[in-house]
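# A structural walkthrough
Given next are the chains, with one letter for each unit.
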4 protein chains.
Amino acid sequence: MKTIPMQTPFYYRRPIRWGDTDVAGIVFTGHYFDICMEAIESWFIEVLELDWFILTQDHGIGTPFVHAEVDFHAPLTPRDGLSVRVDVERMGNSSLSLALTGKRNSDDQHSFTGSFICCFSDIRTMTNIPIPEWMRRRIDHYQQSCAA
Amino acid sequence: MKTIPMQTPFYYRRPIRWGDTDVAGIVFTGHYFDICMEAIESWFIEVLELDWFILTQDHGIGTPFVHAEVDFHAPLTPRDGLSVRVDVERMGNSSLSLALTGKRNSDDQHSFTGSFICCFSDIRTMTNIPIPEWMRRRIDHYQQSCAA
Amino acid sequence: MKTIPMQTPFYYRRPIRWGDTDVAGIVFTGHYFDICMEAIESWFIEVLELDWFILTQDHGIGTPFVHAEVDFHAPLTPRDGLSVRVDVERMGNSSLSLALTGKRNSDDQHSFTGSFICCFSDIRTMTNIPIPEWMRRRIDHYQQSCAA
Amino acid sequence: MKTIPMQTPFYYRRPIRWGDTDVAGIVFTGHYFDICMEAIESWFIEVLELDWFILTQDHGIGTPFVHAEVDFHAPLTPRDGLSVRVDVERMGNSSLSLALTGKRNSDDQHSFTGSFICCFSDIRTMTNIPIPEWMRRRIDHYQQSCAA
């Protein structure tokens, strides 16, 4: 199999900013979905080489999320920095389940874990479609490289 | 038991705004946590008569979330409007599990369901504390009134 | 002139939430634009009886902003509550300039003032269009009622 | 004068993400303040080598904003990418005025310009303080290097 250049495993690295925090001095719970979405979109760019805007506008494919779940283990402050590892949990016919592991760069401690499931769909009919073959191959490659 | 004035069940009603949407014309996945946090904080104000700011600043009590989960059933646009019903799923010694049901006002269809668990904690020591007795009574009252 | 039912002057009232705050315990600077956009969209709904989603989707009219400006006078916390008064500063052929005055409900003190200018435009050609006559009449009515 | 290592002029580079957009397919007006805040905090880290969290928590210094202003020249989509140049407009005794110039990486066109003024203050007394001498030297150095 021809090597596909991609970072495996993929880590989304992000500073924690003043604006992410709340009165308690830690990242506000409500911001974690946004951070996870940033990590997942960055993973799409790394593995599929296209972002969600291009995916919908040029390919007519959406990836609406059907499930999102986060477990919080340790708080985050701007002192910490964050690295989110993205793993493929399961690839179905239309659905893609991604596991997220957020670590604090400061002490390598788990900050959160997440599980997000999206479904590939035709944005005109809003019905599920099979994940296109070339995408499937790249996602497979990513999954196997991470497992290796 | 003396009647405690509170709306049971409690619904958090909220317009869907332009700024909630994304290119696909529906509420962006990343904003659902924020919307759920708004619903839950509003429930605290209704049932416990204090918001999270007062709870931390005046009572020294935080309610960090340990789990957050959303299932997406139908998209939301500014045409829909949103009502989020908040139910007590389970009250432990320190933990409180809330079930959220988001409905579109336009067609009464389920838009999302969510499950959020927070733990009452001392904000100085960051350790879990039992839910204060007077809060427990009010939460119990809410739960029973909803079931009735 | 037939009376057009609308609240004059219009106040956008909004609680300050935990999620609006930052480590300093006050509303994060970055959130003020969002709050102002909420106030302005609510004013559109009150005065023109349509929100930006319906305006673009059903009428093909966008109102892109060309200028936004906020002066900060006093911080906001969840104890304060917020009322934002919206005034028409100037209505040009295509452009609409709105003045915002944010007051803390707690002590009636000015929290911020803002000036926002948008241009009515055809969303297909992305070129400016004259403000439609019926909208102009309603905006005029609002402006005169506020001055009265 | 000893060379202080810093990037002059400083550019904050940032992808435009799906979550930044609205129904119109461009970055939502309400998000520009957040983007500008990200750019300014990144400039603080580059020039003063400390972020706002450390500045408040370890140095007891806040930099509340007194004015924020953005002129919008051309929309942004995820195809564009964004570079925000930060310039020192004026440094007063307590106040710092920064000029922001946002360019689209795709065509080098101006997307927005902004002007933001903050005041250095003691977070305990909430009163203005002179900008500390060592910070003043670094900001001076930045300003002169940019002008050179």
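Please refer to the structure placed before this passage.
This report concerns the structure included in the present document. (Residues numbered from 1 in each chain as written. Chains lettered and ligands numbered in written order. Predicted model: local features only at pLDDT ≥ 70, side-chain atom pairs only at ≥ 80, totals over all residues. Heavy atoms only, no water.)

### Structural notes on the relation of the copies chain A and chain B
Just so we agree on the cut-off: Residues reaching a pLDDT of at least 70 in both copies supply the C-alpha atoms on which the copies are superposed by least squares.
Superposing chain A onto chain B takes a rotation of 180° combined with a translation of 0.0 Å along the rotation axis, leaving an RMSD of 0.0 Å. The superposition operator between the copies reduces to a two-fold rotation axis. Closest approach to the rotation axis among the C-alpha atoms of chain A is made by Glu69(A), whose C-alpha sits 2.1 Å away.

### Observations concerning the interface of chain A and chain C
Quick note on the threshold: Note on definitions: a residue-residue contact is assigned when non-hydrogen atoms from the two residues lie within 4.5 Å. The term buried area means the drop in 1.4 Å probe accessible area that two parts suffer when joined, counted for both and summed. Throughout this description, the term salt bridge denotes a Lys or Arg side-chain nitrogen within 4 Å of a carboxyl oxygen of Asp or Glu. A 3.5 Å cut-off defines polar contacts: any pair of N or O atoms within that distance qualifies, except that in protein one atom must be a possible hydrogen donor and the other a possible acceptor, and neighbouring residues in sequence count only when both atoms are side-chain atoms.
Counting residues at the interface gives 8 residues for chain A, matched by 8 residues for chain C. Both faces combined, the contact of chain A with chain C buries some 820 Å², and carbon together with sulfur accounts for 72% of it. The largest contributions to the chain A side of the interface with chain C come from Trp18(A), Asp22(A) and Val23(A), which together make up 58% of the buried area. Remark: the boundary between chain A and chain C carries 0 salt bridges. At the junction of chain A with chain C, the criterion picks out 6 residue pairs in polar contact (both at pLDDT 80 or more).

### Comments concerning the relation of the copies chain A and chain C
In the superposition of chain A on chain C (RMSD 0.0 Å, axial shift 0.0 Å), the rotation amounts to 180°. When the interface residues of chain A are mapped onto chain C, 100% of them again fall at the interface, so both copies present the same face.

### Some remarks on the pattern of salt bridges
Opposite charge on two side chains lets them pair, provided their charged atoms get close. Filter applied, for reference: Only protein chains enter the accessibility calculation, which uses a 1.4 Å probe; a residue is then buried when its area is under 20% of its type maximum, exposed when over 50%, and partly exposed in between.
If you walk through the whole model with that rule in mind, you get 32 salt bridges over all chains. Residue Asp107(D) pairs with Arg104(D) through a salt bridge whose shortest N-O separation is 2.6 Å. Assessed through its relative accessible area of 38%, Asp107(D) is described here as partly exposed. In this structure, a network of salt bridges that share partners links the residues Arg14(A), Asp20(A) and Glu38(A).

### Let's talk about the side chain of Asp22(A)
The condition that has to hold: Think of it this way: any DSSP run of H or I at least four residues long counts as a helix, any run of E at least two long counts as a strand, and we number them from the N terminus. The charge count includes Lys and Arg as positive and Asp and Glu as negative, but it does not include His or the ends of the chains.
As for its placement among the helices and strands, Asp22(A) is situated in the loop between β1 (10-14) and α1 (32-47). The charged side chain of Asp22(A) is buried without a salt bridge, its nearest counter-charge being Arg104(A) at 13 Å. The contacts of Asp22(A), once residues within four sequence positions are left out, are Val27(A), Phe28(A), Trp18(C), Thr21(C), Asp22(C) and Val23(C).

### Looking at the interface of chain A and chain B
Stated precisely, the cut-off is as follows: Lys, Arg, Asp and Glu make up the charged group, whereas Ala, Val, Leu, Ile, Met, Phe, Trp, Tyr, Cys and Pro make up the nonpolar group; the residues left over, Gly among them, are polar. By the convention used here, strands pair only if DSSP detects at least 2 bridges between them.
Counting residues at the interface gives 19 residues for chain A and 19 residues for chain B. Taken together, both faces of the contact between chain A and chain B bury some 1800 Å²; the carbon and sulfur share is 66%. It is Thr29(A), Phe33(A) and Phe72(A) that lose the most area in chain A upon contact with chain B, and together they represent 27% of the buried surface on that side. Our count for the contact surface shared by chain A and chain B stands at 6 residue pairs in polar contact (both at pLDDT 80 or more). Of all the elements in the fold, those that place two or more residues in the side of chain A that touches chain B are α1, α2 (52-57) and β3 (65-72) of chain A. Of the residues forming the side of chain A that touches chain B, the biggest block, 8 residues, is contributed by β3(A). Of the residues contributing to the side of chain A that touches chain B, the split by class is 11 nonpolar, 5 polar and 3 charged. Both β3(A) and strand β3 (residues 65-72) of chain B contribute to a ladder of 5 bridges, which runs antiparallel. Within β3(B), the residue paired with Val70(A) across the bridge is Ala68(B).

### A word on the sheet that holds strand β6 (residues 110-119) of chain D
Keep this limit in mind: Only the stretch in contact is used when a helix axis is fitted, and all axes are lines through C-alpha atoms; the angle between N-to-C directions ranges over 0 to 180 degrees.
Taken in spatial order, the 10 strands of this open sheet run β1(C)-β4(C)-β5(C)-β6(C)-β3(C)-β3(D)-β6(D)-β5(D)-β4(D)-β1(D), and their pairing is antiparallel. Each end of this open sheet is capped by a strand with a single partner; those strands are β1 (10-14) of chain C together with β1 (10-14) of chain D. Each adjacent strand pair in this sheet contributes to an overall mean axis angle of 20°, direction not counted. Bridge count for strand β3 (residues 65-72) of chain D against β6(D) is 7 bridges, and the pairing is antiparallel. Its bridge partner being in β6(D), Asp71(D) is matched across the sheet by Thr113(D). Strands β1, β3 (65-72), β4 (82-91), β5 (95-104) and β6 (110-119) of chain C together with β3 of chain D of the sheet are contacted by helix α1 (residues 32-47) of chain C, whose axis makes an angle of about 135° with β1(C). Sheet contacts for helix α3 (residues 133-147) of chain D: β1, β4 (82-91) and β5 (95-104) of chain D; angle to β4(D), the most-contacted strand, approximately 115°.

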